[in-house]
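Take a look at the letters that make up each chain.
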Amino acid sequence: MSGKGSNSVKLRHYNERFVLDAIRRLKEASKSDLARAAHLTPAAVADIVDGLEAAGFVKQVGKRFGQRGSPSVLYRLMPERIYSVGIKIGRRALEAVLVDFAGELRARESHEYRYPDPELVRKAGNTSLANFDALVNGLDDASMVGVGIASPFFLGGWIEELGFPADLGDRWDAIELMTHFTTPTKVPVFIENDATSAALAELVLGAGARFHDFMHISIDTFVGGGLVQGGKVQPGPHGNSAALGPIPVSPSSLDSAAAKPGRYPSLLHRASIYVLVNHLKSRGIEITRVRELDPMPSGAREPLNEWIEDCANALVEAIIAIASVVDIEAIVLDSILPRSIHLELLAKVQSQFSRVRATGIVAPEIVPGQFGPEASPIGAAMLPFSALLAPDSSVLMIGKDRTRLLGKLSALAGQS
């Protein structure tokens, strides 16, 4: 597609999706606003909007006065119409969210564990799915349209860094993630990398309102990334685009970061939360979750500052490498850190990057992500909505389902 709507009858389905996507981005819009956004005739948009309203996907929310002619009727998405579940399988916890059609968080659950044992993960996910299904079933005329699963690739990898069982990787390799959880009947499942899912959350509900070309950097147990170009997430042919962890960087300045024989220093070994936890431990400060840094434990401030400095240095090197390869408008930096600490890290990265003279690149703007620890599960919840309703869903799919488009909105409306 050209990125614009079409008046062709053959593309009515695409145009419905384009109009819905425009309403989502504009928050509320008149038919004239949508005609301009979708490059469609006013008559074509009026027909589509009337059909979407009749099916319960959009609603009138008032009128806009003060312009020439009659007041314009404004439309928004109907948030109570359809819901989606997002599940993030983390290395230390499973996070699950229930999101409505407008992207608002309706419920959230967190299940922590020492390591991601497949059976523990399955039980935790099934508990959240059952609770969310019961919640949606208790609502009038509401449907759950999909389950999105965000998971790190190589979930059982890097066992040495985290102290996981040696056979964990083999156990996960034997699991078919599409069927690992007990999902409601006929509800489709969508799978994506956790960092790519976080980028999708920013694209649809966050920074995507300002930037159509950006790199999302997620500082989690391990650092990860997601690439957005032309307003679309770009997962790559193997679903592993923007795997930032292996980017070579200079050696760490932390005395707790012992060099490994035969390994080059990488971003993963400097800009990851496990590095912070190990550095604090080297100073006698034992934490298992970064939320334990709020409030700040006694003696933690100095080693935290040391890690922030070292992490920021590595991120600046990585940003220069990224901008040397991909022309982007922005770096969206997010993390699972307590928000005040994350903003300290962001400020340090911005400051250090501003002092670097990297000739030959157009310096991207460095901005904070909006969702913190909830970015990946919210992005996972956006996968079903995007597959069902976005103008082009194929970019969000991986494997054999990469180009699958699901049924028309009229069929979805008939589910309830």
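To be clear, the structure that these remarks concern was listed above.
The shown structure was predicted, so the numbers you read here are calculated from the model rather than taken from an experiment.

Visitor: Even after reading the chapter, I still don't get empty space enclosed by the protein, so can you show me in this structure?
Guide: Any empty space left between the atoms is revealed when a probe the size of a water molecule rolls over them. Counting across every chain of the model gives one cavity of 30 Å³ or more. There is about 40 Å³ of room inside the largest cavity. Lining the largest cavity we find Lys 88, Gly 90, Arg 91, Pro 152, Asp 194, Asp 220, Thr 221 and Phe 222.

Visitor: Just to check I follow, could you spell out unusual backbone geometry for this structure?
Guide: Among all residues save glycine, negative phi is the norm, and among peptide bonds the norm is trans. For the bond running from Asp 294 to Pro 295, omega is 5 degrees, close enough to zero to count as cis. Here Pro 295 shows up in the loop between helix H8 (273–282) and helix H9 (301–325). Here the phi dihedral of Phe 154 falls at roughly 55 degrees; this positive angle occurs in a residue that is not glycine. Relative to the helices and strands, Phe 154 resides in the loop between strand E6 (143–151) and helix H5 (159–162).

Visitor: Before we go on, may I ask you to explain the nonpolar core in this structure?
Guide: A general trend in soluble globular proteins is that nonpolar side chains are found buried together. Grouped together as the largest cluster of nonpolar side chains are 78 residues, with contacts concentrated most on Ile 89, Ile 217, Leu 267, Trp 307, Leu 315 and Leu 345. Per-element accounting of this core gives the leading share, 12 residues, to H9. The contact partners of Leu 267, leaving out residues within four places of it in the chain, are Val 223, Leu 244, Gly 245, Ile 247, Val 249, Ser 272, Ala 314, Leu 315 and Ala 318.

Visitor: Looking at this model, I keep getting lost on the packing of aromatic side chains. Mind explaining?
Guide: Aromatic ring pairs: the centre-centre distance and the angle between the two ring planes describe each pair. Inspection of every chain in the model, using the stated rule, returns four aromatic pairs. Between Tyr 115 and Phe 164, the aromatic rings sit 6.2 Å apart at their centres with planes inclined by 45 degrees, giving tilted as the arrangement. A residue pair is termed long-range when its members are at least 10 positions apart, and Tyr 115 in the loop between strand E5 (105–112) and helix H4 (118–137) and Phe 164 in the loop between H5 and helix H6 (168–173) qualify at 49 residues. Considered together, Tyr 115 and Phe 164 belong to a single accessibility category, that of buried residues. Over the aromatic face of Phe 57 sits the side chain of Arg 81, whose NZ or CZ is 5.2 Å from the ring centroid.

Visitor: Looking at this structure, how should I read the pairing of strand E3 (residues 82–89)?
Guide: Every regular strand shows the same layout, with side chains that alternate between the two sheet faces. The buried fraction of E3 amounts to eight of the eight residues, a majority that puts the element mostly inside the structure. Side chains Ile 82, Ser 84, Gly 86 and Lys 88 of E3 all project onto a buried face; the interleaved residues Tyr 83, Val 85, Ile 87 and Ile 89 project onto the opposite face, where all are buried too. As judged from the seven bridges shared by E3 and E6, these two strands associate in the parallel manner. Residue pairing across strands places Ser 84 opposite Gly 146, the latter belonging to E6. As consecutive antiparallel partners, E3 and strand E4 (residues 93–100) are separated by three residues.

Visitor: Even after reading the chapter, I still don't get the sheet that holds strand E12 (residues 365–368), so can you show me in this structure?
Guide: Strand pairs in the sheet, formed through backbone hydrogen bonds, run parallel or antiparallel to each other. Pairing is mixed across the open sheet formed by five strands, whose spatial order is E10-E9-E8-E11-E12. The open sheet has two edge strands, strand E10 (232–233) and E12, and neither has a second partner. Where strand E8 (residues 214–219) meets strand E11 (residues 330–335), six bridges bridge the pair, whose relative direction is parallel. Its bridge partner being in E11, His 216 is matched across the sheet by Val 332.

Visitor: How should I be thinking about the packing of helix H2 (residues 31–38) against helix H3 (residues 42–55) in this particular structure?
Guide: For any two helices packed against each other, one specifies the crossing angle of their axes together with the interaxial distance. Interhelical geometry of H2 versus H3 gives an angle of 115 degrees and a closest axis separation of 9 Å. When the axis of H2 is compared with that of H3, the two are roughly perpendicular. Relative to H3, H2 is oriented so that their crossing is right-handed. Mapping the contact onto sequence places Lys 31, Leu 34 and Ala 35 in H2 and Pro 42, Val 45, Ala 46, Val 49 and Asp 50 in H3. In the contact of H2 with H3, the residues fall into six nonpolar, no polar and two charged.

Conventions we followed
Residues numbered from 1 in each chain as written. Predicted model: local features only at pLDDT ≥ 70, side-chain atom pairs only at ≥ 80, totals over all residues. Heavy atoms only, no water. 1 Å grid on protein atoms, 1.4 Å probe; cavity = no way out; pocket = protein on both sides within 12 Å on 5 of 7 lines; lining within 4 Å. Points joined across faces, edges and corners; volume = space filled by probe spheres on them. Helix = DSSP H or I, 4+ residues; strand = E, 2+ residues; numbered from the N terminus. Core = buried A, V, L, I, M, F, W, Y, C linked by side-chain atoms within 4.5 Å. Buried < 20%, exposed > 50% of the residue type's maximum accessible area, 1.4 Å probe, protein only. Contact = heavy atoms within 4.5 Å. Phe/Tyr/Trp six-rings, centres within 6.5 Å; stacked < 30°, edge-to-face > 60°. Lys NZ or Arg CZ within 6 Å of the ring centre and 35° of its normal. Pairing = 2+ DSSP bridges. Axes fitted to C-alpha atoms, helices over the stretch in contact; angles between N-to-C directions. Parallel < 35°, antiparallel > 145°, perpendicular 65-115°, else oblique. Left-handed = near helix turned anticlockwise from the far one by under 90°. Nonpolar A, V, L, I, M, F, W, Y, C, P; charged D, E, K, R; others polar.

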